[in-house]
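Single-letter residue listing:
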Amino acid sequence: MANTTLFPLQSWIESEADEDELHDGSKKFRDLEEDINTPNNSNKNERYKESIIRRTTIAYGIAELLKRSSNKNGELDETNIIRIDNFTVSISNSKQRGSSRSWDDIEGVGMISSGLSLMIEEPSYLRGLLEREENCDGQMGRCLEVEFTSASAVPQENLMTGTEAEAATVSLSEQENNRCNLFARLLYELFSCEPFPDDALAVNADATPSKEAAQKRSKSHDMSSRKNLMLTRARGDFDRAEIPFQTRCIVRMQKLGIPASICLMTQNLLESALREDGGQLHDAYESLGAVGEDLHLLLLDPDRFLFDDESHIIQNDVQLLYRKDKLYGRDKEETLITDAFCRVSRGKSEAFFIGGFSGSGKSMLVNSLRDRVKCVGGYTIKHKFDPMSQEKPLSGVISAFNQICLMIKGRARPLIAKKLGEEFGVDFSLLMRLLPNVGVLFPEHVRPVINVDAGEAMNARSVCFTLLRFVRVVSSPSHPVMLFLDDIQWADSTALDVIHTILSDTKTMGSCMLFVGAYRDNEVQVDHPIFDLMEKLEISNVQTTKVSLSGLDQEDLNTMISDALCLYPRICKSLSGIVFQKTKGSPFFVLEFMQSLKSRGLLEYNFHQKRWVWNEDIIRAEDISDNVLHLLSSKMDGLSDNVQTLLKIMACFGSCTSESVIGYLSESVEYTEVLNGLERALIDGFIVTNKEGSLQFVHDKVREAAYNLIPDSDKRQFHYHLGKALNSICDGKDVGDTIFLIASLINHGKEWIMRDEELSIAFAKLNMKAGKRALDGCDHKTAYSYLEAALSLLPQQHWENHYDLSLRLNFLMAGAAKSCCQYVEAEQILRRISERCRCFEDKLPSYYLLSQIFLTQGRVVDAYDTCSFVLQQLGETIPDLVAFDAVKTMAKDTLTMYQAVDDDWLERKMEDETFHTKLQFYNSIAYSSFFCKSYSLLAYFTCKAVQLSLQKGICEHTPLSLLQFTGVVANNNNAVPELYNNFYGRIAWRFEPFQDCANNLRRGFETGLSSGNNDMGLQCALQVIKTNIFKGSNLKSLLNEIDYYLHLLKTFQITRGINVMITFRETVSVLIDKGQATSTEAKAAFGDLNDPGNRLRDVLYSHQAIQAYWAGYTERCQYYIEKYKSVIGQNVRLATFQIEFYHGKEAGDAITVMILLLFYILLNLYLFSISNGTGLNSIEKYRGKNSFKCREIARNCISAMKKAAANSDWNFTNKLCLLEAEQQSLSYNHRQAIASYDASITSARKSGFIHEQGLACEKAGFYHKRYGDVCKAAEYFKQARECYEEWGSSMKVDFIQGELNNVQILVNSELARRGR
């Protein structure tokens, strides 16, 4: 062996003794061993452990050598082979004594007589891991392997084959017993450093009595005598008859301080010799093969199995050392769930279902994956469904996703917050209402504005979709999410539908989530929603894994008990067999059963031998329940009253609760001692604190046993009194979600509540408060249950005596039922309200909700009739038919009314609630009439709604009226193209990306042409071109598209369309190359531009302003803007936000209310809103001439753009940032200006606006040039050139290249100057 030194084993033992200065045999290990747990003796402790480890390693090597060598024919005297002076030891020269690695310097052992030797080493795949962790926690355990080296001197006939060696391990021959006996002598000399005594095998005085006598005396012990015996042993006074068989040499080893595990091994080896007398000792070794296995275990985990560690002895009470985090017997299942998560980490969602009885280790299996999830940057969220809670399962799913926000806060908060803002935009209020913790991701100064009314209309479907969008953002291959829902046998279809929606997301960049659902498969029927979910996932091609956990097999159970007792597995087999028979391998039951044996004195710790002892026959004879609940209940019967009361209370609370609730309860006179009970329950291990800081039972079975402490006849009353106590303490306090717990507890006492009307009203209001809080959290199913409970608590004459409460409660309940898709129940409640209401005005909200329910169900006739009835009751005339010509006249009259309104109409609110109601029902009846009546009636009701707003002012229903009005102005029954044109061409770009608008407008174009509505279809084409200019489409491709549309316009002879399209072409061709090669003269197509009656002048002027701006002609651009303003007159307020961006107003607010733009669209059907130039143009015009005027223009532009960006971050944030950059440049705020320019560039790039990205780079380049940073200017000009090249504008490329050339001259000059 390279870099090692070979020593005779006898010499090595002597050198070890000399080095440790242990010359007196009576003090061999005792002085060191006694100091193991003594403070300030760490050096002695380490020296002791190192010496034990080295000797155990040598013993392991010798055992492995003896396994491979054999005296096949019995010719050799094994007395001369298995002895200290026949072995050598190889010591590493690179590992010096005194270093932190000195304990592992044994490299191999050899046998002198046979020449056989072996190396002892760790597998290569573990060696590097040890080197990284060697100093982390001081542990000395190693997984060792042996490798035999070639030895030519070894006679081949003395070497055993693998098969022969295996056969030898089960040999019961006299020869094998003799080998065990000789190896015991060798162990004694190796560890004691003294010769094996001649009288070593003599039995110590006071030998063990016969088995029959021991059983007789043991059976006579009652429980008190067992306890007295344990106390006696704890003091160190031993009944010699109670100590198992021991020889004098073993007693000597114990006195020398040799670890009990080595003493026990030596004793069991010596016991093998008793087989010659026909003795049947269960712990005796059968072969040296088993010895090697035990020695390997000692080296693998020496702290548990090798050393005598008494740190687990607390006040003479020895604890069972369970491996709480080890998963026994689940290797296959652990591999499956790990593989599933690895697949999810690659970007695809999966489901993993774990079935099994309570206590089978389902949660432990999932917890084994937590570290892996965290290691890759993922998030683990968990919820446990609780049958004791009145909250519905959907709230549990929502709360689980709410947890993840707090996890994100500590990791990728800025990135995720940004993505959430981008994903939800104006819908952020819905997300915030659903998941309140989202707020922690946004600092106050950048948090999106929350609409307090958002979410009122959310139902189960919208909640599901909102969570889907949320998961899309927060989950990714770099941040996968593991959602663990425990006890899903208590979940319902609504909660599981959310899981299905998220997992089956087909979007390219969808969710990246591993769903793990655990359930008690012995408590569900085949029709449970769990199995429906599994089927749906399979149909949706979502990979699904199903495992079922049964009890541990006997081998795994034996390993578990061996670890707990710190004993060799072979010794624990007899005990494990009994435990398996009683518990059927249920992991939790095993733990409780072992604790029961210990508490009853049937499993005892022998302080003399430092090991656990038991008698199988006594345990078998004992009457121990094979039901874990009975076992736990018996254990709890012996607890103090305080602890029992605490356990009962927490069992009523459910699976977990917050410590603050216990604190509230302790304020009551009846429960003042509850905190003392909590302290004791935590110490005893019944209650634990989870990672979220809540209190929970250590296991479901513990909670069940605690709940069984309450007699069945007293359970409801116990709940009720508990709820009353909490309510009296918390009344008037903001207790948050604790109100759900209080209401749930009180609802158990309905029979006592109904005896007192005052109580029934108070607790009905409490339940209504809980229901409203659930509605605020979008948990409509839970809300419905509390509202239903509130209604059931009202006295019989509640409509007569408590009218307002009854009305409010019923209406809330109907709304919750609708949101839960329980339409039949909602309709019944609403009809009951209509029958009970005292006046028609009180019925109106119910009628409207009823009409919405009808529409949701597709009952449009019922919806129409309901709205018709209400409007007639409000004094409106509802015609059966309306002539088409009458509708046309009505539309014209509506437009005339608009022209007559003053500019203050926007600020005039509709004050009378009756008109609010009329407008609301007009909108609803108009929608209904579209499906079940005529188009004429749709137009009629829409015009009536708009006229009502024009006459009485605006309200929250006005925008819908105006939007519907735009869909009917095309004067035919095919409204689809009109809706596409009016919405996506003139409204949707306020909220939706220009790219999406362009795609939908193409659909409108295709629909119009396919349905014969050619005119409106081609109007959609005009909007397609306009929107493509907005979004910066490639100009050359856009020119080809315009030529295609021009061909269609000419084919269908739409003259006005041709004129406008020619103007588009003119603008695009100018942007490409100033119109030199592709320009088409557009002015002639517009007639006399001085004619006031020419309504197309504004279109040409706006395009010419655009062309002038991009061409760099500032004054010319301003001229056409003024011409444009003079043409459109008072309607300048209704120009689009693009005008405000490129020009800006010198006074007044920018357009912010899009509903007026709808009218402007009707009056100016072919108006092309300026897409580039004027706001920035105004700033440039006034820069350096009138600083105050320039700043005022900038402020106005920014004000307008902020309002636009609030609605559509995608379309307008880059423009807002560029305006802010220009404003900062005017104020000489250098850092802020640079940041705003860069933000504009980034935003434009994100939104795909390549032309405006180039514009921002161009402006930034000029800014840096003005400030003398020519190098930076050159960088930005290069970026601008690249953007303009991609846009396809040769005109801008040439312009920027000229600027770049000029700047490069300055750069070269600067570099030359620095060089000098």
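Residues numbered from 1 in each chain as written. Predicted model: local features only at pLDDT ≥ 70, side-chain atom pairs only at ≥ 80, totals over all residues. Heavy atoms only, no water.

Section: the pairing of strand S4 (residues 117–121)
Bridge count for strand S3 (residues 106–111) against S4 is three bridges, and the pairing is antiparallel. Looking at S4, one finds that Val109 is bridged to Leu118. A loop of five residues connects S3 with S4, the two strands running antiparallel in sequence, and Gly115 in this loop sits at a positive phi of about 75°. Summarising the sheet, S4 and strand S5 (residues 145–149) pair through five bridges and their orientation is antiparallel. (Pairing = 2+ DSSP bridges. Helix = DSSP H or I, 4+ residues; strand = E, 2+ residues; numbered from the N terminus.)

Focus: the packing of aromatic side chains
Across all of its chains, the model carries 26 aromatic pairs by this definition. Consider the rings of Tyr519 and Phe531, whose centres lie 6.3 Å apart with planes at 85°: the pair is edge-to-face. Pair noted here: Tyr519 is in strand S11 (residues 513–519) and Phe531 is in helix H21 (residues 529–539), with a separation of twelve residues, a long-range link. With centroids separated by 6.4 Å and ring planes inclined at 40°, the aromatic side chains of Phe1262 and Phe1295 adopt a geometry described as tilted. (Phe/Tyr/Trp six-rings, centres within 6.5 Å; stacked < 30°, edge-to-face > 60°.)

Digging into helix H30 (residues 700–707)
Of all eight residues that make up H30, seven are buried, and the element is covered over most of its length. Where H30 is buried, its residues meet strand S9 (379–384), helix H24 (587–599), helix H26 (628–637), helix H27 (641–653), strand S17 (695–697) and helix H31 (715–730). (Buried < 20%, exposed > 50% of the residue type's maximum accessible area, 1.4 Å probe, protein only. Contact = heavy atoms within 4.5 Å.)

Here we look at the pairing of strand S2 (residues 87–92)
Of all six residues that make up S2, six are buried, and the element is covered over most of its length. Because side chains alternate across S2, one face comprises the buried residues Phe87, Val89 and Ile91, and the other comprises Thr88, Ser90 and Ser92, equally buried. By the bridge criterion, five bridges tie strand S1 (residues 4–8) to S2 in an arrangement that is antiparallel. Residue pairing across strands places Pro8 opposite Thr88, the latter belonging to S2. In this sheet, S3 lies alongside S2 in antiparallel orientation, the contact comprising five bridges. Residue pairing for S3: Ser90 is matched across the bridge by Gly108.

So, the pattern of salt bridges
Evaluated as defined, the whole model comprises 43 salt bridges. The residue Glu751 makes a salt bridge to Arg755 at a minimum N-O spacing of 3.9 Å. On the basis of relative accessibility, which here comes to 34%, the residue Glu751 falls in the partly exposed class. Glu827 is the partner of Arg831 in a salt bridge, and the nearest nitrogen-oxygen pair spans 3.1 Å. Here Arg831 pairs with Glu827, and both are found in helix H38 (residues 823–836), just four residues apart, close to one helical turn. When its relative accessible area of 14% is taken as the criterion, Glu827 is described as buried. (Salt bridge = Lys/Arg side-chain N within 4 Å of Asp/Glu carboxyl O.)

Comments concerning the environment of Asp283
For Asp283, the location among the structural elements is in the loop between helix H10 (260–271) and helix H11 (288–300). For Asp283, a relative accessible area of 22% translates into the label partly exposed. Placed 15 residues apart in sequence, Asp283 and Asn268 show a C-alpha to C-alpha distance of 6.0 Å.

As for the side chain of Ser949
For Ser949, the position within the fold is in helix H43 (residues 935–952). Take Ser949: its relative accessible area is 2%, and that puts it in the buried class. If we skip the residues at most four places from it in the chain, Ser949 touches Trp905, Met910, Leu919, Ile954 and Thr958.

Notes on a negative patch on the surface
A contiguous patch of negative charge on the surface is contributed by Glu911, Asp912, Glu913 and Glu956. Relative to the elements of secondary structure, Glu956 occurs in the loop between H43 and helix H44 (958–966). Exposure remark for Glu956: the relative accessible area of 56% places this residue in the exposed category. (Patch = residues over 30% accessible without salt bridge, like charges linked within 9 Å, V, L, I, M, F, W, Y side chains within 5 Å. Areas by Shrake-Rupley, 256 points an atom, 1.4 Å probe, with all protein chains shown as cover. Lys, Arg positive; Asp, Glu negative; His and termini not counted. Charge placed at Lys NZ, Arg CZ, Asp CG, Glu CD.)

Concerning the sheet that holds strand S16 (residues 687–689)
Pairing between the strands of a sheet comes from backbone hydrogen bonds, and it takes one of two forms, parallel or antiparallel. Within the open sheet, the three strands sit side by side as S15-S17-S16. Their pairing is antiparallel. If you trace the sheet from one side to the other, it starts and ends with strand S15 (656–657) and S16, each paired once. Here S16 pairs with S17 via three bridges, running antiparallel. Among the inter-strand pairings, Thr689 is bridged to a residue of S17, identified as Leu695.

Regarding a nonpolar patch on the surface
Taken together, the side chains of Tyr927, Phe930 and Phe931 define a hydrophobic patch exposed on the protein surface, amounting to about 330 Å² of accessible area. Inspection of the secondary structure assignment puts Phe930 in helix H42 (residues 913–932). A relative accessible area of 44% places Phe930 in the partly exposed class.

With respect to the nonpolar core
Grouped together as the largest cluster of nonpolar side chains are 173 residues, with contacts concentrated most on Phe183, Leu565 and Leu647. No other element matches helix H3 (residues 42–68), which puts ten residues into this core. Excluding its chain neighbours within four sequence positions, the residues that come into contact with Phe183 are Ala59, Ile62, Ala63, Leu66, Ile82, Leu269, Leu288, Val291 and Leu295. Counting residues in each nonpolar core, the second largest holds 61 residues, with Ile1029, Phe1064, Tyr1276 and Trp1287 among its members. (Core = buried A, V, L, I, M, F, W, Y, C linked by side-chain atoms within 4.5 Å.)

Quick look at helix H6 (residues 174–192)
Spanning 19 residues, H6 covers 27 Å between terminal C-alpha atoms, matching the ideal 27 Å at 1.5 Å per step. Positive phi shows up at Cys193, right after H6, with a value of about 65°. (Expected span 1.5 Å × (residues − 1).)

Points about the packing of helix H57 (residues 1230–1247) against helix H58 (residues 1250–1266)
Here H57 crosses H58 at 160°, and the two axes come no closer than 8 Å. The angle between H57 and H58 places the two elements in the roughly antiparallel class. Handedness of the H57/H58 crossing: left-handed. Note on element contacts: H58 touches H57 through Glu1252, Gln1253, Ala1256, Cys1257, Lys1259, Ala1260, Tyr1263 and His1264, opposite His1230, Ala1233, Ile1234, Tyr1237, Ser1240, Ile1241, Ala1244 and Arg1245. Each residue belonging to the contact of H57 with H58 can be placed in one class, and the counts come to nine nonpolar, four polar and three charged. (Axes fitted to C-alpha atoms, helices over the stretch in contact; angles between N-to-C directions. Parallel < 35°, antiparallel > 145°, perpendicular 65-115°, else oblique. Left-handed = near helix turned anticlockwise from the far one by under 90°. Nonpolar A, V, L, I, M, F, W, Y, C, P; charged D, E, K, R; others polar.)

Side note on the sheet that holds S3
Taken in spatial order, the five strands of this open sheet run S1-S2-S3-S4-S5, and their pairing is antiparallel. The open sheet has two edge strands with one neighbour each: S1 and S5. With direction set aside, neighbouring strand axes in the sheet form an average angle of 25°.

Considering the packing of helix H56 (residues 1209–1226) against H57
For the pair H56 and H57, interaxial distance at closest approach is 8 Å and the crossing angle is 160°. Considered as vectors, H56 and H57 are oriented roughly antiparallel to each other. Remark: the crossing between H56 and H57 carries left-handed chirality. Contacts between H56 and H57 pair Asp1209, Trp1210, Thr1213, Asn1214, Cys1217, Leu1218, Glu1220, Ala1221, Glu1222, Gln1224 and Ser1225 from the former with Gln1232, Ala1233, Ser1236, Tyr1237, Ala1239, Ser1240, Ser1243, Ala1244, Lys1246 and Ser1247 from the latter. Tallied by class, the residues present in the contact of H56 with H57 amount to eight nonpolar, nine polar and four charged.

Brief notes about the side chain of Asp487
For Asp487, the position within the fold is in the loop between strand S10 (481–486) and helix H20 (493–503). For Asp487, the side chain forms a polar contact with the side chain of Lys384, separated by 3.0 Å. (Polar contact = N/O pair within 3.5 Å; in protein donor to acceptor, adjacent residues only side chain to side chain.)

Worth remembering: the numbers are spatial, not functional.
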